[in-house]
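# Descriptive structure summary
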Amino acid sequence: MGADNNFDNLAGFLIALGSLAVLGVAFLVSLVQAIRTRRRAWVLAAVVTPLVCVVLAVVAGAMALAHSKKTLGVSGAGPRQVTSTDNAVKLMAPAAWRDMPDLHDEAELELGDLVANEYLIVLREPKADFDGSLQSYAEFVAENMQAASDSDAELKFEHVSLGGCPGLRVSFPGVVDRLRLRYDLTCVETADAYCQVVCWTTQSRFAQAKPRFDAVLESFVALEGPPAPGEEQRDD
């Protein structure tokens, strides 16, 4: 729909511009004839034509402005707040990212930008279903992702805090369907759940995408909050 409106604005602008050019020629003809013949019809045409040109110029300018706003709207807009389908997680997504409900069957939040090849999913699992600490959970998730993406890179976890919740972040390469990818995985412990925030893009685009991934992670909020002090899940 946005592309159709954008095309309509551009087409209208071009039509108005063409009409303006034709009326400009008509004005010159009318002016010459009015001076030569002094006939009332030519004088009236010479007076009215500039007024019509002014109106068309205003219309063309308005359409050009609308077209410019449509063209720059995505890149110029700010981030938008999105909420997971279970209403448990909120974050700020880049303006160009759109909902992509087919990224993962079990994800509570799925976003991406097909043009930039940037994607994100958020999955939540009850802590009661996993026997282990955040460290064990993060290692378990990362190793499973590596197994699925033909990766044997060394995992170097970084301790982070997302919305006051403890987390572990790691980045590693992978290959899926002969496409070289780079994953940015952050596992977060909330009061009742473990969350996986998985960002990825192609290997060559990762450096460019990472600032956006960083900004999204910084905006992460778990509505149930962090675990109470001393209530973090531990390994047996």
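Before reading on, note that the structure itself is shown above.
Now for a quick tour of the structure. Since the structure is predicted, the reported quantities are computational estimates derived from the model, not experimental observations.

Below, the discussion takes up the pattern of salt bridges. Under the defined criterion, the tally for this structure stands at nine salt bridges. R124 is paired through a salt bridge with E224; the nearest N and O atoms lie 3.2 Å apart. One end of the pair, R124, is in strand β5 (residues 118–126); the other, E224, is in the segment after β10 (221–222), and 100 residues separate them in sequence. Of the residues examined, R124 reaches a relative accessible area of 22% and is grouped as partly exposed. Taking the relative accessible area as the measure of exposure, E224 reaches 30% and is therefore partly exposed. With a closest N to O distance of 4.0 Å, E232 and R234 form a salt bridge. Residue E232 is classed as partly exposed on the basis of its relative accessible area, which comes to 30%. The exposure class of R234 is exposed, given its relative accessible area of 56%. One salt-bridge network, in which partners are shared between bridges, spans R169, D184, K210 and D214.

With that out of the way, let us pick up the sheet that holds strand β3 (residues 98–99). The pairing of strands in a sheet happens through backbone hydrogen bonds and is either parallel or antiparallel. Read from one edge of the open sheet, seven strands run β3-β4-β5-β9-β8-β7-β6, paired in antiparallel fashion. A single partner strand is all that each edge strand has here, and the edge strands are β3 and β6 (158–162). Across eight bridges, the pairing between β5 and strand β9 (residues 193–202) is antiparallel. Along β9, the bridge assignment pairs R124 with C195. Lying on the sheet, helix α3 (residues 134–148) is in contact with β5, β7 (165–176), β8 (179–189) and β9; it crosses β8 at an angle near 160°. Sitting on the sheet, helix α4 (residues 206–218) touches β5, β6, β7, β8 and β9, and the angle it makes with β9 is about 155°.

Even without being glycine, N87 reaches a positive phi, approximately 60°. Tracing the backbone through its elements, the reader meets N87 in the loop between β1 (80–83) and β2 (89–93). Take N87: its relative accessible area is 52%, and that puts it in the exposed class. Phi at D150 takes a positive value of approximately 55°, unusual for a residue other than glycine. Among the secondary structure elements, D150 is positioned in the loop between α3 and β6.

This paragraph deals with α4. Spanning 13 residues, α4 covers 18 Å between terminal C-alpha atoms, matching the ideal 18 Å at 1.5 Å per step. Where α4 is concerned, the buried positions are F206, A209, F213, V216 and L217. Buried residues in α4 make contact with β2, β5, β6, β7, β8 and β9.

What follows deals with the pairing of β5. Alignment of strand β4 (residues 109–113) against β5, held across five bridges, turns out to be antiparallel. When the bridges of β5 are listed, L109 appears paired with V122. Hairpin geometry of β4 and β5 is characterised by an intervening segment of four residues between the two adjacent antiparallel strands and by a positive phi of about 55° at N117.

Moving on, we get to the nonpolar core. Ranked by size, the top nonpolar core spans 23 residues in total, and within it L91, W97, L111, L120, V122 and F220 carry the most contacts. Among the elements of the structure, β2, β4, β5, β9 and α4 are those that each provide at least two residues to this core. Counting residues per element, this core draws most heavily on α4, at five residues. Contacts of L111, omitting those with residues within four sequence positions, involve R80, V82, L91, A93, W97, R98, D99, M100, L103, E118, Y119 and L120. If you look at the next biggest cluster of nonpolar residues, it comprises 22 residues, including Y137, L168, L185 and C187.

Calculation criteria
Residues numbered from 1 in each chain as written. Predicted model: local features only at pLDDT ≥ 70, side-chain atom pairs only at ≥ 80, totals over all residues. Heavy atoms only, no water. Salt bridge = Lys/Arg side-chain N within 4 Å of Asp/Glu carboxyl O. Helix = DSSP H or I, 4+ residues; strand = E, 2+ residues; numbered from the N terminus. Buried < 20%, exposed > 50% of the residue type's maximum accessible area, 1.4 Å probe, protein only. Pairing = 2+ DSSP bridges. Contact = heavy atoms within 4.5 Å. Axes fitted to C-alpha atoms, helices over the stretch in contact; angles between N-to-C directions. Expected span 1.5 Å × (residues − 1). Core = buried A, V, L, I, M, F, W, Y, C linked by side-chain atoms within 4.5 Å.

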